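A structural walkthrough
These are the residues of each chain, in order.
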Amino acid sequence: WQRLHLASVVGAGASVLVEARWATTRSGLSEATWTTLGELPKDPPPYDVPFETGGVVEVRLTLRVTARIGAPRITRAGLEWRCAGPD
């Protein structure tokens, strides 16, 4: 795993907390600890992902807004990884 890419629209008074967790298996995710990768708009993506190669990654986006309108929108999310290829 290398980087998390996000495309978003985050207006004034809004933010998005970006977190992820990793485990060797899907069933192990529930015990994994969330790691904060950044917060939009102050920390622009992409975010380096500090996890081991392989396994399963879960991403959590917490959208916050201080007004009745102007909620942030995530239009695209992608996790970049690199395959070692055949030996």
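Conventions we followed
Residues numbered from 1 in each chain as written. Predicted model: local features only at pLDDT ≥ 70, side-chain atom pairs only at ≥ 80, totals over all residues. Heavy atoms only, no water. Salt bridge = Lys/Arg side-chain N within 4 Å of Asp/Glu carboxyl O. Helix = DSSP H or I, 4+ residues; strand = E, 2+ residues; numbered from the N terminus. Core = buried A, V, L, I, M, F, W, Y, C linked by side-chain atoms within 4.5 Å. Buried < 20%, exposed > 50% of the residue type's maximum accessible area, 1.4 Å probe, protein only. Contact = heavy atoms within 4.5 Å. Pairing = 2+ DSSP bridges. Axes fitted to C-alpha atoms, helices over the stretch in contact; angles between N-to-C directions. Polar contact = N/O pair within 3.5 Å; in protein donor to acceptor, adjacent residues only side chain to side chain.

Description of the pattern of salt bridges
- Within this structure, the stated rule accounts for four salt bridges.
- Between Glu58 and Arg21 there is a salt bridge; the shortest N-O distance is 2.9 Å. Taken together, the positions of Glu58 in strand β5 (residues 56–65) and Arg21 in strand β2 (residues 14–23) put the pair 37 residues apart, joining distant regions of the chain.

Observations regarding the nonpolar core
- Leu4, Leu6, Val16, Val18, Ala20, Trp22, Leu37, Leu40, Tyr47, Val49, Phe51 and Val57 form the largest nonpolar core, which has twelve residues in total.
- Contributions of two or more residues to this core are made by β1 (3–9), β2 and β3 (35–40).
- Of the residues forming this core, the biggest block, four residues, is contributed by β2.
- Those residues in contact with Val57 that lie beyond four places of it in its chain are Trp1, Ala20, Arg21, Trp22, Phe51 and Leu79.

Some details on the sheet that holds β3
- Sheet architecture is open: three strands sit in the order β3-β2-β5, paired in antiparallel fashion. At either end of the open sheet lies a strand with only one pairing partner, and these are β3 and β5. Recorded for the sheet is a direction-independent mean angle of 20° between the axes of neighbouring strands.
- By the bridge criterion, five bridges tie β2 to β3 in an arrangement that is antiparallel. Across the sheet, the residue bridging to Ala20 is Thr35, located in β3.

Description of the sheet that holds β1
- Taken in spatial order, the three strands of this open sheet run β4-β1-β6, and their pairing is antiparallel. Two strands lie at the open edges of the sheet, namely β4 (47–48) and β6 (73–80), each paired on one side alone.
- Here β1 runs beside β6; their pairing, made up of seven bridges, is antiparallel. Paired with Val9 across the two strands is Arg73, which belongs to β6.

Quick word on the environment of Leu37
- Here Leu37 is to be found in strand β3.
- Taking the C-alpha atoms as reference points, Leu37 and Val16, 21 residues apart in sequence, are found 11 Å from one another.
- With residues up to four places along the chain from it excluded, the contact list for Leu37 reads Leu4, Val18, Glu19, Ala20, Tyr47, Asp48 and Pro50.

Structural notes on the side chain of Arg21
- Classification of Arg21 as buried rests on a relative accessible area of 13%.
- At 3.5 Å, the side chain of Arg21 and the backbone oxygen of Ala32 are in polar contact.
- Side-chain polar atoms of Arg21 contact the side chain of Glu58, separated by 2.9 Å.

In short, geometric facts, not functional conclusions.
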